[in-house]
Protein chains: 2
Amino acid sequence: MSKPGLPQGTRDFSATVVQRRQYIFQTIRRVFETYGFQPLETPAMENLETLMGKYGEEGDQLIFKILNNGLANPDKADRSRAALENVLAGKSSKDLTERALRYDLTIPFARYVAMNHGQLTFPFKRYQVQPVWRADRPQKGRYREFYQCDADIVGSSSLQNETELVLLYAAVFQALQLPITLKLNNRKVLAALAQTCGGPEWMVPISVAIDKLDKIGWEKVAAELENKGLPAAAIEKIKTYLSISGNNAQKATAMRALLGSEAQAETGLAELETILAQAQPFWGNTTVELDFTLARGLNYYTGTIFEVKAQGVQMGSIGGGGRYDDLTGLFGVPNLPGVGISFGVDRIYDVMEELALFPTTLAETTQLLFFHLGQKEAAEAFRWMQTLRAAGIATELFHEQQKFDKQFRYAEKKQIPFVAILGSDELAAGKIVLKNLSQGSQSNMGLEDLLLFFQQRAENPSR
Amino acid sequence: MSKPGLPQGTRDFSATVVQRRQYIFQTIRRVFETYGFQPLETPAMENLETLMGKYGEEGDQLIFKILNNGLANPDKADRSRAALENVLAGKSSKDLTERALRYDLTIPFARYVAMNHGQLTFPFKRYQVQPVWRADRPQKGRYREFYQCDADIVGSSSLQNETELVLLYAAVFQALQLPITLKLNNRKVLAALAQTCGGPEWMVPISVAIDKLDKIGWEKVAAELENKGLPAAAIEKIKTYLSISGNNAQKATAMRALLGSEAQAETGLAELETILAQAQPFWGNTTVELDFTLARGLNYYTGTIFEVKAQGVQMGSIGGGGRYDDLTGLFGVPNLPGVGISFGVDRIYDVMEELALFPTTLAETTQLLFFHLGQKEAAEAFRWMQTLRAAGIATELFHEQQKFDKQFRYAEKKQIPFVAILGSDELAAGKIVLKNLSQGSQSNMGLEDLLLFFQQRAENPSR
C-alpha cells in the first residue's frame, strides 16, 4: 500500500477546471475552423532522433526520454551497460532510449509535413491542440506537462496569411472577452538595425538583449551589449531605436528616419504596413500596435513576428508567433516557408480567472436532480429523467432512498440548480414539485412544462 | 538531416480522422454529461510506484518508463551504474526511472480519488477521455498509444447505477446510430458455478477458460480445465452452464434450475433481473441480453459485468465494464465500491467506418472559398468573408492571385463545397457569383442573401 502522489510539475484537472479549459480550447478551435484551419494530432512519443538537436543544448536536456522496454532482459545486460556508458559520455544511445515525449508541436508538425508533403494541399493550414512535456524545474505557473495550441499556414509567402493571423488572434480574444494588445514587428527591421551596428553577426546578440528590456531595463541591456564588444555609437543607435514611440504611423515614420537607408528595414516596414492596412478594417476594438522592441530572440523567425499581451493584468505574453523561411529543411524537404501563431493556454486560463471572465454557467452541468423517494417513485422519476436527457438536458436521480437533507446536500455540492420532488402525492397527480435552490422558490409542473422550462433555460441561461 | 519517421505502433491523425474521432468523443461526452458525469483529466505521467504491481507481471512489463533527467551528469555516474544493475536484477530503481506513462485510466482515477476523497461529493460520477500507452507488440488494430473513454460511479452499491450505465450505453450507440448487443452477467453467478465445481479457488481458472470460448471453442476449453485438474463432473456442469439459451427470462429460469441452490447465484440473478426491469422501458431498440458465458476473466469485478458487441460486423467487444468492491484500497482508502464502463474508441471508429456511419458533412469544414482576383477585389472579399466568419461560417480567401484552375483545385482538394467569384464586375454590382461545386450550378448573391444561404445550410446540411 503506497501513499499516492503526483509527479512534480504535473496536475490533475477536476471538473470545474476541465470545463473552463474546454471552454478556452473550444473557443480557439471554433475560430481556427472558421478560418479554414484543419486539425492535426501527432503521437505523444517521437523518435528521439526527430527531437534531438532541434531545441538548442538547453532544450535537448529538457526532453523526457523513454526507457526502452526489455532493458531488464539478462541477455541484453552487456548492451544495456554499454548503452549507459554512452549516455554518461554524453552520446545518445539507442539501446537505452530511442523514443521521447514531444517537447513542442512545431517539430512534430514539421516531421508530419516532411513525411506527407506529397499528399497535402498547399497552402496547408493546420491547427494542433495537444500537451507537450518538458523536464523544466517546476515553479509557479510552469509545469512539466502543459498544452500548446498552434496554428500554421505553410507553403505560402503571401502577407495575406499574416493578416489572417492578426484577425484570428482578434477573433479568439474577442470571443473570450479578454482585452489584448497585439504587438507586431518584423525581423527584417531588426536585421537592418544589426547591419548598421556592425553586420548580421550582431542580429542574435542584439535580439537576445532587446528581449530582456522589459525585465532588466535599458542600463543592463546596454552593459550586456558593451560587454559583447558592441561600439558605443552602435549602442547609442539601439537606444534611439528602442525609444521610438507614438501611434503606428508615427513609429513607422521615425523608423524610416533612423534606418530607412537599409533596404531590409524598408522591406520589413512595408510588410508591416500592408498587414496593418489589410487587417485594420476588421480587428474591431482589439489594440494592434507596432512594437520595434519585440524581438522573440532565440528562434528561427525571418519576417513578421507577433506577441499578445493581456490588458489590465501583470502577466507575460499569452501568445506569439512569426514567419519562418523553412519549416521542413531539417527533415529533407526544403523551400516550405510559413507563418504560425501559438496560444498560451495556461496563462490565458490564469488571466481569465483573475478577471472573472469564465461564464458562471460552466459550473452547472447537471440541471436537475430528482430526489429518490422509494422504488415506485424512482421508476416514475426515471421516465421523466429519460425524457429530459433525450432532449439534451443533464438530469440525475439520486442513487438510493435517503433522508431529504442528504439528497439536498448532494445537489448543493454538485451545484445542481434545481431539484424535483416526486413522492406518492406527485405520483398520483402526475406533477412534480420543482424547487429552485438559489431562489428558494417552487412550483408544480407536468412533464411537458418541465421539458419546456429547461429547454428555454438552455437558450437563455440567465433565467 | 534525418529521414523522418514515427515510432512503431503510433499514428498521426490527419483532419478527416481527427474530425471523425472528435465526433465519437463528443457524442460520448455529451451523453456522459447528460447523465450527470463530470470530467476528470490526469497527467500522462504517474509516479512509477503508483503504476507498478497493478496490472500483473505481464502488464508491468508493458509500462513505458521515463528515464530520469540529469542521468548523463558525470557526478552521478556511479549512481546511474548502480541503478542500471538494479534494473538488470529485476528491481526497480529510482535513480534510473521514477516516472512512467499511464497504462490505463482506472489506476490514475483510483489514485485521484484516494488523494481527494475528503473533497469529493459521493456518489462520485466521473468520466475521463485520454490516451494511454502500452509497450505491446504493434499489430493490426493494436497501438502503443490509444484513447480510453471511461465512466465510473463510486461510493454507492445501488443497482440503480448499473441501470444508468445500461441506459448510457444504449444512448451513446443510438446517438452514433451503431446497432449493438449489450451483454450482462454477474460474477456472483460465476462464483456459484466455481463453488459447485470445487470451491472459490476455481473462480479464476474457470473465468479465464470461459473467456476463451469464442476464440478456441468448447473442446479446448474443456481440455484446459481438465489439465488444471478439474473433475469430469464439474466440466460437465460447466458445459451445461454454457449451453443455457433462450430469451432473458428463459435463461434465468434455466440458471435457477442449474445453480439455484447456491445463494450467490440467486443473488446475482436477482441483481440482473432488477437491472433489466429498471432499464427495459428506456433502452429503446438496443438489444440487451443475459449472457452467462461472459466472464471478463482476469479482473477485479465482483458483481454485474458488461460487454458490448457491434451487430453486423466481425469485431471483438467495443465496450465493457463491471462492478468492483474496492477502488482505492491499494492506495490506503478502503470501502469505496463502484461500477464503471469503458468505450473502445479505436474499434468503434473501425466499425463506423466499415458500416459508413460517419455523417458525410464532417469532411466539409470550410464552406466557402473566395477566389483571389486582385488586391482590390481581395480587400472587398475580406469584408464578405469576415461577416460570414463572425456568423460561425467557415470561409477562406485564396492566399494570392493565381490562375482559376489552381484556385479551383484548392477548393476541390479541401472538399470546399462552394466558391465565390468576386471580380471587377461583381465589385461594381455588389454581388458575388456563388458556384456550387458538386452540382455545377451558380447564382448571383448579395452579402445578406449569402449569409442567409449558409445559415440555412448549417441548420439543414443536406441542402
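That block above? That's the structure.
A brief structural summary. Residue positions are counted from 1 within each chain, in the order its sequence is given. Chains and ligands are labelled sequentially in the order written, the chains with letters from A and the ligands with numbers from 1. Reporting of local features is limited, given that this is a predicted model, to residues whose pLDDT is at least 70; pairs of side-chain atoms are given and counted only at 80 or more, and all residues count toward the totals for whole chains, interfaces and linings. Side-chain figures throughout are based on the complete set of non-hydrogen atoms in the structure, without hydrogens or water.

**Regarding the relation of the copies chain A and chain B**
Now for step 1: The superposition of copies rests on a least-squares fit of C-alpha positions from residues with pLDDT of 70 or more in both. Rotating chain A by 180 degrees and translating it 0.0 Å along the rotation axis places it on chain B, where the RMSD comes to 0.1 Å. The transformation just described matches what one would write down for a two-fold rotation axis. Looking at the rotation axis and the C-alpha trace of chain A, the residue lying nearest is A:Ile66, at 2.2 Å.
Now for step 2: Comparing interface residues between copies, 100% of those in chain A also sit at the interface in chain B, which points to an isologous, same-surface contact. Note on definitions: a residue-residue contact is assigned when non-hydrogen atoms from the two residues lie within 4.5 Å.

**Some words on helix α12 (residues 263-279) of chain B**
For an α-helix the count is 3.6 residues per turn, leaving residues at separations of three or four pointing the same way.
Residues and elements named next belong to chain B.
Now for step 1: The terminal C-alpha atoms of α12, which comprises 17 residues, lie 25 Å apart, in line with the 24 Å expected from a rise of 1.5 Å per residue.
Now for step 2: Between buried and exposed lies partly exposed: a residue is buried under 20% and exposed over 50% of the maximum accessible area for its type, with that area taken using a 1.4 Å probe on protein chains only. Strands here mean DSSP runs of E at least two residues long; helices mean DSSP runs of H or I at least four residues long; both are numbered from the N terminus. Within α12, the full set of buried residues consists of Ala-265, Gly-268, Leu-269, Glu-271, Leu-272, Ile-275, Leu-276 and Ala-279. All buried residues of α12 project into a common sector of 155 degrees when viewed along the axis, lining one side. Along α12, the residues that are exposed and aim more than 90 degrees away from the buried face are Ala-263 and Ala-277. Expected helix span is computed as 1.5 Å times (number of residues minus one). It is the directions from the helix axis to the C-beta atoms whose arc is reported.

**Quick look at the interface of chain A and chain B**
Now for step 1: Taken together, the contacts link 102 residues of chain A with 103 residues of chain B.
Now for step 2: Buried area counts how much accessible surface, traced with a 1.4 Å probe, disappears from two parts once they are put together, with both parts' losses summed. Of the roughly 8,700 Å² buried between chain A and chain B on both sides combined, carbon and sulfur atoms contribute 58%.
Now for step 3: The salt bridge criterion pairs a side-chain nitrogen of Lys or Arg with a carboxyl oxygen of Asp or Glu, the two atoms within 4 Å. The interface formed by chain A and chain B includes 8 salt bridges.
Now for step 4: Here B:Arg389 ties to A:Glu164 by a salt bridge, and the two come within 2.7 Å at their closest N and O atoms.
Now for step 5: Think of a polar contact as two N or O atoms within 3.5 Å of one another; within protein, one of them needs to be a possible hydrogen donor and the other a possible acceptor, and neighboring residues in sequence only count if both atoms come from side chains. Run the count over chain A and chain B and you get 40 residue pairs in polar contact (both at pLDDT 80 or more).
Now for step 6: At 8 residues, the largest contribution of residues to the side of chain A that touches chain B is made by helix α1 (residues 15-34) of chain A.
Now for step 7: Charged means Asp, Glu, Lys or Arg here, nonpolar means Ala, Val, Leu, Ile, Met, Phe, Trp, Tyr, Cys or Pro, and polar covers whatever is left, Gly included. Classifying every residue of the side of chain A that touches chain B by side-chain character gives 46 nonpolar, 34 polar and 22 charged.

**Thoughts on the nonpolar core**
Now for step 1: We call a set of buried residues a nonpolar core when its members are Ala, Val, Leu, Ile, Met, Phe, Trp, Tyr or Cys and they connect through side-chain atoms within 4.5 Å of each other. In this structure, A:Tyr241, A:Phe343 and B:Phe370 are the most contacted members of the largest nonpolar core, which totals 126 residues.
Now for step 2: When residues in this core are grouped by element, the largest group, 8 residues, is from helix α6 (residues 160-175) of chain A.
Now for step 3: Ignoring sequence-local partners within four residues, the contact set of B:Phe370 consists of B:Ala381, B:Trp384, B:Met385, B:Leu388, B:Thr395, B:Glu396, B:Leu397, B:Phe398, B:Ala420, B:Leu422, B:Ile432 and B:Leu450.

**Concerning empty space enclosed by the protein**
Now for step 1: Cavities and pockets are defined on a 1 Å grid built over the protein atoms alone: a cavity is a set of grid points where a 1.4 Å probe fits but cannot escape, while a pocket is an open set with protein on both sides within 12 Å along at least five of seven lines, and lining residues are those with an atom within 4 Å of any such point. Grid points are joined across faces, edges and corners, and a volume is the space filled by probe spheres set on the points. Taken as a whole and assessed by the stated rule, the structure comprises 4 cavities of 30 Å³ or more.
Now for step 2: Of the voids in this model, the largest cavity is the one considered here, and its volume is about 600 Å³.
Now for step 3: Lining of the largest cavity is provided by 42 residues; of these, A:Val129, A:Pro131, A:Tyr147, B:Pro131 and B:Tyr147 occupy positions nearest its centre.
Now for step 4: Split by residue class, the lining of the largest cavity holds 21 nonpolar, 9 polar and 12 charged.

**Some points on the environment of A:Val172**
All names here are of chain A.
Now for step 1: Structurally, Val-172 can be placed in helix α6.
Now for step 2: Placed 143 residues apart in sequence, Val-172 and Arg-29 show a C-alpha to C-alpha distance of 9.1 Å.
Now for step 3: With sequence-adjacent residues up to four places away left out, Val-172 is seen in contact with Thr-27, Ile-28, Val-31 and Phe-343.

**Section: the sheet that holds strand β14 (residues 418-421) of chain A**
Residue and element names in this part refer to chain A.
Now for step 1: Taken together, the 5 strands give an open sheet; going across it, the order is β13-β12-β14-β15-β16, and neighbouring strands pair in mixed fashion. What marks the edges here is a single partner per strand, and that holds for β13 (395-397) and β16 (442-445). The average angle at which neighbouring strand axes cross in this sheet is 25 degrees, direction not considered.
Now for step 2: A pair of strands is considered paired only if DSSP assigns at least 2 bridges between the two. Taken together, the 4 bridges between strand β15 (residues 432-436) and β16 define a ladder with antiparallel strand orientation. Its bridge partner lying in β16, Val-433 is registered against Asn-444. Only C-alpha atoms enter the line fits that serve as axes; for helices the fit covers just the stretch in contact. Angles between N-to-C directions range over 0 to 180 degrees.

These figures come from the coordinates and say nothing about function on their own.
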